[in-house]
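Structural characterization, general
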Amino acid sequence: MATSNAILQYEQLQQLILQIYEDIKKKSNIEHNHLATDITENSSKRFVSDSEKNSWSAKITQAQLDGALNSLTSGLSWKGSFSTLTEIQAIPNPQDGWFTIKTSGENVFYIYESSSN
């Protein structure tokens, strides 16, 4: 509760706070722009160079990857993906041409060949 010795009465203080709040709201809604020169680059935030864009564009496309995998796996029989090599080795009665992928750690592609078990 305000005393008569207060610099601002409670009602004046409340009005001041509301005015400050309204001023902050107005300023936060003002549109503004940042130039590229205003941005500080670091290891996790940086601009992409034209050579990096070109390098990424030169990478293999999904269609090219699908085509290569289809060619690679032609005549093979997919048996699924497994977390460990032990799970793959537990597949009963494997046949020539069966293939699978181990997905934990590095993805590894396995093809069963009867001559090497």
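Residues numbered from 1 in each chain as written. Predicted model: local features only at pLDDT ≥ 70, side-chain atom pairs only at ≥ 80, totals over all residues. Heavy atoms only, no water.

**What about the overall build of the chain?**
What counts, and what does not: Labels follow the DSSP assignment, with helices taken as runs of H or I lasting at least four residues and strands as runs of E lasting at least two, numbered in each case from the N terminus. Classification of residues uses two cut-offs on accessible area relative to the type maximum, computed with a 1.4 Å probe and protein chains only: under 20% is buried, over 50% is exposed, and between them is partly exposed. The contact criterion used throughout is that any non-hydrogen atoms of two residues lie within 4.5 Å. Using a 1.4 Å probe, the Shrake-Rupley method yields the accessible areas, and only the shown protein chains count as cover for residues.
The number of helices and strands found in the chain is four helices and three strands. Traced from its N-terminal end to its C-terminal end, the chain shows the element sequence α-α-α-β-α-β-β. Every one of the 117 residues in the chain was classed for burial, and the buried ones make up 10%. The long-range share in the chain, meaning contacts at least 24 apart out of those at least 6 apart in sequence, stands at 9%. Here the chain has roughly 10,300 Å² of accessible surface; of this, 54% comes from carbon and sulfur atoms.

**Some words on the packing of aromatic side chains**
Heads up, the condition is: Geometry of aromatic contacts follows a simple scheme: Phe, Tyr and Trp rings, the Trp one being its six-membered ring, pair when their centres are within 6.5 Å, and the pair is stacked under 30 degrees between planes, edge-to-face over 60, tilted otherwise. In our convention, an over-ring charge means Lys NZ or Arg CZ found within 6 Å of a ring centre and within 35 degrees of that ring's normal.
As enumerated under the stated definition, the model contains one aromatic pair in all. Judged by centre distance (5.1 Å) and plane angle (55 degrees), the ring pair of W78 and F99 falls under tilted. Of this pair, W78 sits in strand β1 (residues 77–82) while F99 sits in strand β2 (residues 98–102); the two residues are 21 residues apart in sequence, bridging distant segments of the chain. The exposure class assigned to W78 is partly exposed, which follows from its relative accessible area of 44%. Since its relative accessible area comes to 10%, F99 is described here as buried. K79 extends its terminal NZ or CZ atom over the ring of W98, reaching a point 4.2 Å from the ring centre.

**Notes on the sheet that holds strand β3 (residues 108–111)**
Put simply, the rule is: Strand pairing is assigned whenever DSSP detects at least two bridges linking the two strands. Only the stretch in contact is used when fitting a helix axis, every axis being a line fitted to C-alpha atoms; angles between N-to-C directions are given from 0 to 180 degrees.
Pairing is mixed in the open sheet, where three strands are placed in the order β1-β2-β3. Sheet topology places β1 and β3 at the edges, where each strand pairs with a single neighbour. Sheet twist, expressed as the mean angle between neighbouring strand axes with direction ignored, is 20 degrees. Of the pairings in the sheet, the one linking β1 to β2 comprises four bridges and is parallel in character. Bridge pairing in β2 places F82 opposite K102.

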